[in-house]
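So you can see what is in the structure, the chains are spelled out below.
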Amino acid sequence: MLCAIYKSPKKENTYLYIKTKDDFSDVPDNLMTTFGTPQFVMVLKLDNGRKLALADVEKVKESLSTAGYYLQVPPPVTNLLDQYKADKAARNT
């Protein structure tokens with residue numbers, strides 16, 4: 001399965017995968033507004049041996065088949081202060 005990947009100019013490390021290059025007809029209008037004007041990155045073949053940095057290939061393929069697109073967002077940022085406080089509280093008990 002081939003897909004086209006675009007990055008968002010508004011949201012850092014946010015990528016949109018679609019089935020056909022430059023065909024955003026399956027992507028909801030409100031998502032496109034939030035995403036911004038897509039910037040083409042590459043066309044990629046999603047085969048079974050392929051690994052993606054921040055997405056599961058099978059989830060991407062399923063989403064492309066059912067919804068027509070896949071939105072990759074960055075993982076949440078860890079709040080180091082909260083983590084430190086939790087670790088410290090755990091050590092004190």
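Refer to the structure presented above.
Calculation rules
Numbering of residues begins from 1 in every chain and follows the order in which that chain's sequence is written. Predicted model: local features are reported for residues with pLDDT of at least 70 only, side-chain atom pairs are reported and counted for 80 or more only, and whole-chain, interface and lining totals are derived from all residues. The side-chain figures draw on all heavy atoms in the structure; neither hydrogens nor water molecules are used. Helix numbers and strand numbers start at the N terminus; a helix is a DSSP run of H or I with at least 4 residues, a strand a run of E with at least 2. Put simply, the radius of gyration uses C-alpha atoms, and a globule should come to 2.2 Å times the residue count raised to 0.38. The rule is simple: take the accessible area with a 1.4 Å probe, protein chains only, and divide by the maximum for that residue type; under 20% is buried, over 50% is exposed, in between is partly exposed. Residue contacts are counted whenever heavy atoms from the two residues lie within 4.5 Å of one another. Here the Shrake-Rupley method, with its probe set to 1.4 Å, supplies the accessible areas, and only the displayed protein chains count as covering residues. Here is the rule: rings of Phe, Tyr and Trp (six-membered ring for Trp) pair when centre to centre is within 6.5 Å. Planes less than 30 degrees apart are stacked, more than 60 are edge-to-face, and the remainder are tilted. Think of it as a cone above the ring: NZ of Lys or CZ of Arg counts as a charge over the ring if it is within 6 Å of the ring centre and within 35 degrees of the ring normal. We define a nonpolar core as any set of buried Ala, Val, Leu, Ile, Met, Phe, Trp, Tyr and Cys residues linked to one another through side-chain atoms lying within 4.5 Å.

Trainee: Got a minute to help me understand the overall build of the protein chain in this structure?
Mentor: When helices and strands are counted, the protein chain shows 3 helices and 4 strands. Mapped from its N terminus to its C terminus, the protein chain presents α and β elements in the order β-β-α-β-α-β-α. For a compact globule of 93 residues, the expected C-alpha radius of gyration is about 12 Å, and the protein chain comes in at 17 Å, more than 25% above that figure. Dimensions of the protein chain, computed from C-alpha atoms along their principal axes, come out at roughly 55 × 35 × 20 Å. Every one of the 93 residues in the protein chain was classed for burial, and the buried ones make up 29%. Considering only residue pairs separated by 6 or more positions, the protein chain has 55% of its internal contacts joining residues 24 or more positions apart. With the model as given, the accessible surface of the protein chain reaches about 6600 Å², and the carbon-plus-sulfur share is 52%.

Trainee: Would you mind showing me how to read the packing of aromatic side chains here?
Mentor: Any aromatic ring pair is given by two values, namely how distant the centres are and how the planes are angled relative to each other. Summed over all chains, the structure comprises 3 aromatic pairs. Pairing tyrosine 6 with phenylalanine 40 gives two aromatic rings, centres 5.5 Å apart and planes at 70°, and the pair type is edge-to-face. Residue tyrosine 6 is located in strand E1 (residues 2–7), and its partner phenylalanine 40 is located in strand E3 (residues 39–45); the two are separated by 34 residues in the primary sequence. Put simply, the rings of Tyr6, Phe24 and Phe40 pair up and form one aromatic cluster. Above the plane of the ring of phenylalanine 40 lies lysine 21, whose end atom (NZ or CZ) is 4.3 Å from the centre.

Trainee: Sorry if this is basic, but what is going on with the nonpolar core here?
Mentor: Looking at soluble globular proteins, one finds that nonpolar side chains tend to be buried together. Core analysis: the largest hydrophobic core is formed by 11 residues, namely Cys3, Ile5, Tyr17, Leu44, Leu46, Leu52, Ala55, Val57, Val60, Leu64 and Tyr70. If you list the elements that add at least two residues to this core, you get E1 and helix H2 (57–66). Tallying contributions element by element places H2 first for this core, with 3 residues. Not counting chain neighbours up to four residues away, the residues in contact with leucine 44 comprise Met1, Leu2, Cys3, Ile5, Arg50 and Leu52.

From the geometry alone we can't say anything about function, so treat these as descriptive.
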